[in-house]
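# Observations on chain architecture
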Amino acid sequence: MSVEPGIPTVDNESIEDRLYTVKYEDPGDSHLDVTIPGICAEKCVTTDCVKVCPADVWREGEDGVPNIAYENCLECGSCRWACPHGNVEWEYPDTGAGVTYKNG
Ligand code: SF4
Ligand code: SF4
């Protein structure tokens with residue numbers, strides 16, 4: 001059976017549908033940040049944090065410093081390794097908070 005792209009079905013859920021199945025317990029504080037905002041604003045031309053995040057957590061900000069919607073974070077760690085300037089502060093949320101995967 002062929003599956004058309006972009007149409008959510010049991011076999012082909014959209015990214016948004018998949019993200020909807022993830023539960024997040026908000027610790028009330030971001031576990032993500034940039035170390036030196038000036039590096040983002042003045043040195044970074046690739047914004048890899050924005051490009052690599054599968055959950056749209058990192059979003060380009062008007063001042064060149066990304067906005068961080070930490071509540072969507074899947075804790076995959078990709079942004080930490082993608083930043084060419086080592087400018088991502090990354091830690092797990094406090095115990096009991098953060099992401100829970102419904103399907104394992
Ligand atoms: S990739 Fe690194 S330096 Fe560039 S905007 Fe993101 S956090 Fe800042
Ligand atoms: S850890 Fe993964 S999901 Fe979370 S902000 Fe970084 S890239 Fe996005």
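On to the overall build of the chain, then. Looking only at helices and strands, the chain features four helices and six strands. Here the chain, with 104 residues, has 28% of them falling under the buried criterion. Sequence separation of 24 or more characterises 62% of the internal contacts of the chain that already satisfy a separation of 6 or more. Here the chain has roughly 7300 Å² of accessible surface; of this, 49% comes from carbon and sulfur atoms.

On to the site of ligand 2. Near ligand 2 lie 13 residues; those nearest to it are Cys53, Cys73, Cys76, Gly77 and Cys79. In the shell around ligand 2, the residues fall into 10 nonpolar, two polar and one charged.

What follows covers the packing of aromatic side chains. Per the stated rule, a full pass over the model turns up one aromatic pair. Relative to tyrosine 92, the ring of tryptophan 90 lies with its centre 4.9 Å away and its plane at 80°, an arrangement referred to as edge-to-face.

The nonpolar side chains of a soluble globular protein tend to be buried with one another. Counting 18 residues, the largest nonpolar core has Leu32, Val57, Trp58, Cys79 and Val88 as the members making the most contacts within it. Beyond its immediate stretch of four places on either side in the chain, cysteine 79 contacts Cys49, Val52, Trp58, Val88 and Trp90.

Quick look at the site of ligand 1 now. In the vicinity of ligand 1, the residues found are Val34, Cys40, Cys44, Asp48, Cys49, Pro66, Cys83, Pro84, His85 and Val88. Classifying every residue of the shell around ligand 1 gives eight nonpolar, one polar and one charged.

Another aspect to go through is the environment of glycine 38. Along the chain, glycine 38 turns up in helix 2 (residues 37-42). Take glycine 38: its relative accessible area is 27%, and that puts it in the partly exposed class. Distance from glycine 38 to glycine 64, taken between C-alpha atoms, is 8.5 Å for residues 26 residues apart in sequence.

Here we come to a negative patch on the surface. Together, Glu25, Asp26, Asp29, Asp33, Glu71, Glu89, Glu91 and Asp94 line one region of the surface with negative charge. Take aspartate 26: it is sitting in the loop between strand 1 (22-25) and strand 2 (32-34).

Here we come to the pattern of salt bridges. Counted under the stated rule, the structure contains one salt bridge. Where aspartate 56 meets arginine 59, a salt bridge forms, and the shortest distance between an N and an O atom there is 3.6 Å. The exposure class assigned to arginine 59 is partly exposed, which follows from its relative accessible area of 35%.

It is worth spelling out unusual backbone geometry at this point. At threonine 47, a residue that is not glycine, the phi angle is positive and equals roughly 40°. Structurally, the position occupied by threonine 47 is in the loop between helix 2 and helix 3 (48-52). Of note in the backbone geometry, glutamate 75 takes a positive phi value of approximately 60° without being a glycine. By secondary structure assignment, the location of glutamate 75 is in the loop between strand 4 (67-68) and helix 4 (78-82). Residue glutamate 75 is classed as buried on the basis of its relative accessible area, which comes to 18%.

Calculation notes
- Residues numbered from 1 in each chain as written.
- Chains lettered and ligands numbered in written order.
- Predicted model: local features only at pLDDT ≥ 70, side-chain atom pairs only at ≥ 80, totals over all residues.
- Heavy atoms only, no water.
- Helix = DSSP H or I, 4+ residues; strand = E, 2+ residues; numbered from the N terminus.
- Buried < 20%, exposed > 50% of the residue type's maximum accessible area, 1.4 Å probe, protein only.
- Contact = heavy atoms within 4.5 Å.
- Areas by Shrake-Rupley, 256 points an atom, 1.4 Å probe, with all protein chains shown as cover.
- Near = heavy atom within 4 Å.
- Nonpolar A, V, L, I, M, F, W, Y, C, P; charged D, E, K, R; others polar.
- Phe/Tyr/Trp six-rings, centres within 6.5 Å; stacked < 30°, edge-to-face > 60°.
- Core = buried A, V, L, I, M, F, W, Y, C linked by side-chain atoms within 4.5 Å.
- Patch = residues over 30% accessible without salt bridge, like charges linked within 9 Å, V, L, I, M, F, W, Y side chains within 5 Å.
- Salt bridge = Lys/Arg side-chain N within 4 Å of Asp/Glu carboxyl O.
- Lys, Arg positive; Asp, Glu negative; His and termini not counted.
- Charge placed at Lys NZ, Arg CZ, Asp CG, Glu CD.

Geometry only, nothing functional implied.
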